[in-house]
Amino acid sequence: MKTSYIFIATTLSAALLATNSYAHNQHQGHIQAAVSKAVTTEFDIVHAKVTTQGSHLVFQQAVTGTAGDKHPQKKGALAGAEVYSYVWPTSLNSSTVGFDADQGILSLALTVHPDFDDTPLYDEDGDGNKTNDGDKWHSHWVVLVPDNACGEGALKVKDIAKGSSPKLPVTWPNLPLFIDSPGFDFALEKSEVIVRVPLSALGFPESFSYDGVTAGLKINQQVHAPLLCVTDVFDVASGDLSLPGKSQ
């Protein structure tokens, strides 16, 4: 890992409170990343960018190896199930995609996890069963927050507290998490990860800040809150999770 959990959690918390500081960052547009032999090539980020192409925002990451080629090992149960993910943390408010406002760091993610399916509206493999596709890459919006219960300074996908009724997107997959399953078009092309997000889905934002992250997550062994923790940060495009990228 290039960055400690404590530093990541601290940086994300600061970003949530001070997104206007991004304008002073020396980086503009896309993010050039340092290559590291310590990171497996499928997750070693070369660059990250978000560009406007017609009616869509195109979120991209490039890695040194073959994007999407590495999957978690199947456990055979939800408890302890692993998730691999390409993530774009953003400065967008959580309300942008249908959650309550100011819930945490709204992040686009492309994920894969062979032990469970969290896209109940979609049949990714076309076999007529919408509940067996977790082993296929698919898109999510997630809200990330720090939680020391995941490990000192670690992050998690924010849990929905029992008995609470927060505002949720219409494509929320009925999990006790601040997660959305929007079914965005994506491609894994050689070294490139590409997710196409309709501008209309975000209210046509003029610009926002972002970063690129590759990470591993894990379902709690006891299957309760914190339910989905970030357990490994493979790479961070900026090196310090300062969200220096600017959508263009």
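Everything below is about the structure shown above.
Participant: Before we go on, may I ask you to explain the overall build of the chain in this structure?
Facilitator: When you go through the chain residue by residue, the secondary structure sums to 1 helix and 14 strands. Counting the 248 residues in the chain, one finds 53% classified as buried. Put simply, the chain shows about 11000 Å² of open surface, and 51% of that area lies on carbon and sulfur atoms.

Participant: Whenever I open this one, the pattern of salt bridges confuses me. Can you help?
Facilitator: Two side chains of opposite charge can pair, provided their charged atoms sit close to one another. Scanning the model with the defined rule gives 5 salt bridges in all. Among the salt bridges present, the one from Lys-136 reaches Asp-135, with a minimum N-O distance of 3.3 Å. Across the salt bridge formed by Asp-147 and Lys-156, the nearest N and O atoms sit 2.8 Å from each other. As far as burial versus exposure is concerned, Asp-147 and Lys-156 are alike and both buried. Within the structure, one salt-bridge network assembled from shared partners comprises Lys-75, Glu-82 and Lys-218.

Participant: Explanation requested: the pairing of strand 5 (residues 105–112) in the structure shown.
Facilitator: On a regular strand, one side chain projects to one face of the sheet and the next to the other, so that they alternate. Burial of strand 5 is extensive: 8 of the 8 residues sit out of reach of the surface. The alternating pattern of strand 5 places Ile-105, Ser-107, Ala-109 and Thr-111 and Leu-106, Leu-108, Leu-110 and Val-112 on opposite faces, both of which are buried. Taken together, the 6 bridges between strand 4 (residues 82–89) and strand 5 define a ladder with antiparallel strand orientation. Bridge pairing links Ser-85 to Thr-111 in strand 5. Across 7 bridges, strand 5 lies against strand 6 (residues 138–146) in antiparallel orientation. In the sheet register, Leu-106 faces strand 6, and the bridge partner there is Val-143.

Participant: Would you mind showing me how to read empty space enclosed by the protein here?
Facilitator: In this approach a probe as big as a water molecule rolls over the atoms, and the regions it shows empty are the leftover space. In the structure shown here, the tally under the stated rule is 1 cavity of 30 Å³ or more. Each pocket or cavity is described by its volume, and for the largest cavity that value is around 230 Å³. Lining the largest cavity are 23 residues, and of these Ser-85, Val-87, Leu-144, Leu-217 and Val-230 lie nearest its centre. The element best represented in the lining of the largest cavity is strand 4, accounting for 4 residues.

Participant: Sorry, what's going on with the nonpolar core here?
Facilitator: A general trend in soluble globular proteins is that nonpolar side chains are found buried together. In this structure, Phe-59, Tyr-86, Trp-88, Leu-108, Trp-141, Val-195 and Val-197 are the most contacted members of the largest nonpolar core, which totals 36 residues. Breaking this core down by element, the ones donating at least two residues are strand 2 (45–53), strand 3 (56–63), strand 4, strand 5, strand 6 and strand 10 (192–198). For this core, the element with the highest residue contribution is strand 5, accounting for 4 residues. Once residues within four sequence positions are removed from consideration, Val-197 is found in contact with Ser-55, His-56, Leu-57, Phe-59, Leu-108, Trp-141, Phe-184 and Leu-202. Ile-105, Val-142, Ile-179 and Ile-219 belong to the second-largest nonpolar core, a separate cluster that totals 23 residues.

Participant: Could you clarify how one ought to interpret the environment of Ser-55 in this entry?
Facilitator: On the secondary structure map, Ser-55 appears in the loop between strand 2 and strand 3. Its relative accessible area of 48% is what places Ser-55 among the partly exposed residues. Measuring from C-alpha to C-alpha, the distance between Ser-55 and Pro-198 comes to 6.0 Å, with 143 residues separating the pair along the chain. One polar contact links Ser-55 to His-56, side chain to side chain, over a distance of 3.1 Å.

Calculation notes
- Residues numbered from 1 in each chain as written.
- Predicted model: local features only at pLDDT ≥ 70, side-chain atom pairs only at ≥ 80, totals over all residues.
- Heavy atoms only, no water.
- Helix = DSSP H or I, 4+ residues; strand = E, 2+ residues; numbered from the N terminus.
- Buried < 20%, exposed > 50% of the residue type's maximum accessible area, 1.4 Å probe, protein only.
- Areas by Shrake-Rupley, 256 points an atom, 1.4 Å probe, with all protein chains shown as cover.
- Salt bridge = Lys/Arg side-chain N within 4 Å of Asp/Glu carboxyl O.
- Pairing = 2+ DSSP bridges.
- 1 Å grid on protein atoms, 1.4 Å probe; cavity = no way out; pocket = protein on both sides within 12 Å on 5 of 7 lines; lining within 4 Å.
- Points joined across faces, edges and corners; volume = space filled by probe spheres on them.
- Core = buried A, V, L, I, M, F, W, Y, C linked by side-chain atoms within 4.5 Å.
- Contact = heavy atoms within 4.5 Å.
- Polar contact = N/O pair within 3.5 Å; in protein donor to acceptor, adjacent residues only side chain to side chain.

By themselves, these figures tell us nothing about what the structure is for.
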